Number of protein chains: 2
Amino acid sequence: MRTVTIADVAKHAGVAVSTVSYVLSGKRAISATTRQRVLDSVRVLGYHPNAGARALASKRAKVIALVLPLRAGMNLPVLMQFATSVVTTARQYDHDVLLMTADEGADGLHRVAASALVDGLLLMDVEIHDPRVPLLRKLSEPSVLIGFPADPEGLTCVDLDFARAGALCADHLADLGHREIALLGAPRVVYERGTGFAERTMAGFVEAAARHGLEADARPCEESFDEVHAAVKLLLDERPGLSGLVVHNEAAAGHVLGALRILGRRVPEDVSVVAICPDDIAERASPALTSVLIPAEDVGRQAVRLLMAKLEGQAVPESTLLEPRLTIRESSR
Amino acid sequence: MRTVTIADVAKHAGVAVSTVSYVLSGKRAISATTRQRVLDSVRVLGYHPNAGARALASKRAKVIALVLPLRAGMNLPVLMQFATSVVTTARQYDHDVLLMTADEGADGLHRVAASALVDGLLLMDVEIHDPRVPLLRKLSEPSVLIGFPADPEGLTCVDLDFARAGALCADHLADLGHREIALLGAPRVVYERGTGFAERTMAGFVEAAARHGLEADARPCEESFDEVHAAVKLLLDERPGLSGLVVHNEAAAGHVLGALRILGRRVPEDVSVVAICPDDIAERASPALTSVLIPAEDVGRQAVRLLMAKLEGQAVPESTLLEPRLTIRESSR
DNA sequence: CCTTCGCGTCGAAGCGCTTCGATGACCTGC
DNA sequence: GCAGGTCATCGAAGCGCTTCGACGCGAAGG
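The rules we used
Residues numbered from 1 in each chain as written. Chains lettered and ligands numbered in written order. Predicted model: local features only at pLDDT ≥ 70, side-chain atom pairs only at ≥ 80, totals over all residues. Heavy atoms only, no water. Pairing = 2+ DSSP bridges. Helix = DSSP H or I, 4+ residues; strand = E, 2+ residues; numbered from the N terminus. Axes fitted to C-alpha atoms, helices over the stretch in contact; angles between N-to-C directions. Contact = heavy atoms within 4.5 Å. Core = buried A, V, L, I, M, F, W, Y, C linked by side-chain atoms within 4.5 Å. Buried < 20%, exposed > 50% of the residue type's maximum accessible area, 1.4 Å probe, protein only. Near = heavy atom within 4 Å. Polar contact = N/O pair within 3.5 Å; in protein donor to acceptor, adjacent residues only side chain to side chain. Nonpolar A, V, L, I, M, F, W, Y, C, P; charged D, E, K, R; others polar. UniProt positions renumbered as here; feature names shortened; annotations may be inferred. Right-handed = clockwise from strand over helix to strand, strands pointing away. Parallel < 35°, antiparallel > 145°, perpendicular 65-115°, else oblique.

Participant: An account of the sheet that holds strand S2 (residues 96–101) of chain B is requested, with residue identities and associated values reported.
Facilitator: Spatial ordering of the open sheet is given by S11(A)-S5(A)-S4(A)-S3(A)-S1(A)-S2(A)-S2(B)-S1(B)-S3(B)-S4(B)-S5(B)-S11(B), a layout of 12 strands whose pairing is mixed. A strand with exactly one partner marks an edge of an open sheet, and here the two such strands are strand S11 (319–322) of chain A together with strand S11 (319–322) of chain B. The mean angle between the axes of side-by-side strands here comes to 20 degrees, regardless of whether they run parallel or antiparallel. Sheet analysis places strand S3 (residues 120–123) of chain A next to strand S4 (residues 143–146) of chain A, joined by three bridges and oriented parallel. Note that in S4(A) the partner of A:Leu121 across the bridge is A:Ser143. Sitting on the sheet, helix H5 (residues 76–92) of chain B is in contact with strand S1 (63–68) and strand S2 (96–101) of chain A together with strand S1 (63–68), S2, strand S3 (120–123) and strand S4 (143–146) of chain B, with an inclination near 175 degrees to S1(B).

This is the structure:
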């Protein structure tokens, strides 16, 4: 069974090849009757345009690259949600998604862009001093970044407003009347890498706490149970009056609750806990965690939309910050 | 800056276009001097072959589709490890990876295959009665499945040998002298979907336990802390003599330890726990979990290799089962 | 010495599609 | 009744690459 080409469709419908093309692309007016005849032939023959030929002739591959980080300290569920949302949204724009890992580096990006394999790029987990950023600036293919490099000038960046997220947590605890609070963040390595979002959360938290006149403290946090336990214990020893805890570390969130339980602190009676994490993690914990959600889906959708707009040649804002949303559950009062 | 084509390279090197092509593909003998001249020109001009043109002319896109499930009960870290390994391995074979979600269904597979966007397909999390399997049989593009449908005849399937994994856990506990053991599995919904691997683990576990003459019990397990706690408590109440527990549920593994702690059972003094999960989860727990690792990386690598072999027209085994490996840590004795 | 062979190279024919300019057919308005 | 304009359609020229057959040339064989 030879594969069906546009010529087969044209013959079957009794029209020119170009007519079929115009019916399918809608780039020229075609009479209703002809259109219908062509469409019927397409269906009958089971025609699917050849992607390579289309890309070659139109200079549009209808594929975007999605570059995911795959390193320590990453938040998998968020990453998957994000990827899913990117794929789904891209499909709505009739595009497919080429998956790349960050360790292909700038060369990899250059390769897929220069070979016209993809029309645009979506990079996740951009660092403050990201070596790929200079390349992106140079590339003729449009790109959208998730996260912010040091200088977002001339780029298009999307992210959750982590500063607001940190602030929101502090606000919530302040509203509940807590006077001494602390934040447990990502593993140290994440800060050292300069990933930005972790620092911005801390900064937002600290600043909001200061605004409310609270005693606040923010520190990195590793992810093993024993290290979490030690960190929580240390914190509690150092700050006996502590009654509010923010956890910005999805892997550690469950362990924090376990540690508090062991240390004889009831949640929320003795300590209120707020997490910055996906909803499913928060709901699965006991007690269910009050949390600020990382809207991975929104970020993905928004990023694809921006990229599509750029592909159409539209101007888009350099920076898009998504509002965090606090969901109150059982772990805070 | 116009994009560099093969014609530019040919002109720069003073040879015919076809010669450049042959240098790059190695499909015909080219003298060392000419080859070097061409290669130099390629480098100087920064030439990258146009993917669409190449695909059109050679009928090879050098892209494979990776279809990931994105549903409840899935094991994210394993999935990511798997995806990473697929991308990395594919790159070694000079292929890229198109990411698809399972909810595009059979139509989506048909679309990417028929449009020659991809040369082959990799499907993860195949179910016992998977609606996509009939299509795969029909498709001229080769495919490799992760997991086993009811009838793997004529397909190529790869997976961890979950029955052996279950058995390995039972063997280990039997060797340690435990007489009453139980397995806590995936959430009920996973069994209802007929995903296969969960059932096979249980079957392997039960059978091995029987072989050792042990009292054994295997049941599904939800993922929230409270449900895990309840399940563990119920199990302990029903089976006071229980001293060995296998957890085949990555999200629940940590919660099981927490529940045992609350219920006053020491691990491993009172109860030995063995998990079937990725190493990082096992290591992060307290006490570190003895575990059977899901070799996501191996599975991914192996799957890509098989697919590449099929693309070359080589015959490959219908079924490839990967040996599970038990790592003894602190949670069993 | 002439034929035969193989090696290295070239030219040209597509691969299946999009797009541009051209061509009728038909309508409009003066 | 005819210039001027639309509208729908067609034909052909590429897009950048691979691949097939052909060709020239020096080496080997008779």
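Additional details are given in the paragraphs that follow.
Participant: Any details on the nonpolar core? Residues and values, ideally.
Facilitator: In terms of nonpolar packing, the biggest core is built from 108 residues, with A:Leu68, A:Phe82, A:Leu122, B:Leu68, B:Phe82 and B:Leu122 touching the most fellow members. Broken down by element, the residue count for this core peaks at nine residues, all from helix H14 (residues 296–311) of chain B. Setting aside residues up to four positions removed in sequence, B:Phe82 forms contacts with B:Leu66, B:Leu68, B:Met124, B:Ile146, B:Ala296, B:Val299 and B:Gly300.

Participant: Help me get a handle on the protein's contact with DNA strand D, residues and values and all.
Facilitator: Inspection of the region around DNA strand D gives 30 residues, with A:Thr19, A:Thr34, B:Ile6, B:Arg28 and B:Tyr47 positioned closest. Between A:Ser31 and DNA strand D, the recorded distance is 2.8 Å, taken from a backbone N or O atom to a phosphate oxygen. Between DNA strand D and the protein, one listed contact pairs a phosphate oxygen with a backbone N or O atom of B:Asn50 at 3.1 Å. Taken together, the elements giving at least two residues each to the surface near DNA strand D come down to helix H2 (17–25) and helix H4 (51–58) of chain A together with helix H2 (17–25) and helix H4 (51–58) of chain B. Residues of the surface near DNA strand D, tallied by class, amount to 15 nonpolar, 10 polar and five charged.

Participant: Now, about the protein's contact with DNA strand C: what can you tell me, with residues and values included?
Facilitator: Residues in close proximity to DNA strand C total 30 residues, the closest being A:Ile6, A:Arg28, A:Tyr47, B:Thr19 and B:Thr34. Take the atoms of DNA strand C that sit within 4 Å of the protein: sugar and phosphate atoms are 55% of them. Within the contact set of DNA strand C, a phosphate oxygen lies 3.1 Å away from a side-chain nitrogen or oxygen of A:Lys27. Between A:Asn50 and DNA strand C, the recorded distance is 3.1 Å, taken from a backbone N or O atom to a phosphate oxygen. With five residues, the single largest contributor to the surface near DNA strand C is H4(A). When its residues are assigned to classes, the surface near DNA strand C shows 15 nonpolar, 10 polar and five charged.

Participant: Kindly report on the UniProt feature "domain: HTH lacI-type" (unreviewed entry) in chain A, identifying the contributing residues and their values.
Facilitator: When the UniProt feature table is mapped onto this chain numbering, "domain: HTH lacI-type" (unreviewed entry) sits at residues 4–58 of chain A. Secondary structure within residues 4–58 of chain A divides into 71% helix and 0% strand; the distance between the first and last C-alpha atoms comes to 20 Å.

Participant: Can you break down the pairing of S3(B) residue by residue, with the values?
Facilitator: By the alternation rule, side chains of S3(B) split into B:Gly120 and B:Leu122 and B:Leu121 and B:Leu123, which are all buried. Taken together, S3(B), helix H7 (residues 132–138) of chain B and S4(B) form a β-α-β motif whose crossover is right-handed.

Participant: Break down the packing of helix H1 (residues 6–13) of chain B against H2(B) for me, with residues and values.
Facilitator: Helix-helix packing is described using two parameters, namely the angle between the two axes and the distance between the axes. All names here are of chain B. Here H1 crosses H2 at 100 degrees, and the two axes come no closer than 8 Å. Comparing their axes, H2 and H1 come out roughly perpendicular. Contact residues: Ile-6, Ala-7, Val-9 and Ala-10 in H1; Val-17, Val-20 and Ser-21 in H2. Across the contact of H1 with H2, the residue classes tally to six nonpolar, one polar and no charged.

Participant: Talk me through the sheet that holds strand S10 (residues 290–293) of chain B; I want residue IDs and the actual numbers.
Facilitator: Residues and elements named next belong to chain B. Judged by pairing direction, the sheet is mixed, and its six strands sit side by side in the order S7-S6-S8-S9-S10-S12 without closing on themselves. For this open sheet the edge positions go to strand S7 (215–219) and strand S12 (325–327), each flanked by a neighbour on one side alone. Across the sheet, the mean angle separating the axes of adjacent strands is 15 degrees when strand polarity is ignored. In terms of strand pairing, strand S6 (residues 180–184) meets S7 through five bridges, oriented parallel. When the bridges of S7 are listed, Glu-180 appears paired with Glu-215. Contacts between helix H10 (residues 197–211) and the sheet are confined to S6, S7, strand S8 (244–247) and strand S9 (272–276), with S7 contributing the most and set at about 170 degrees to the helix. Its contacts with the sheet put helix H12 (residues 250–262) on S6, S8 and S9, and the angle it makes with S8 is roughly 150 degrees.

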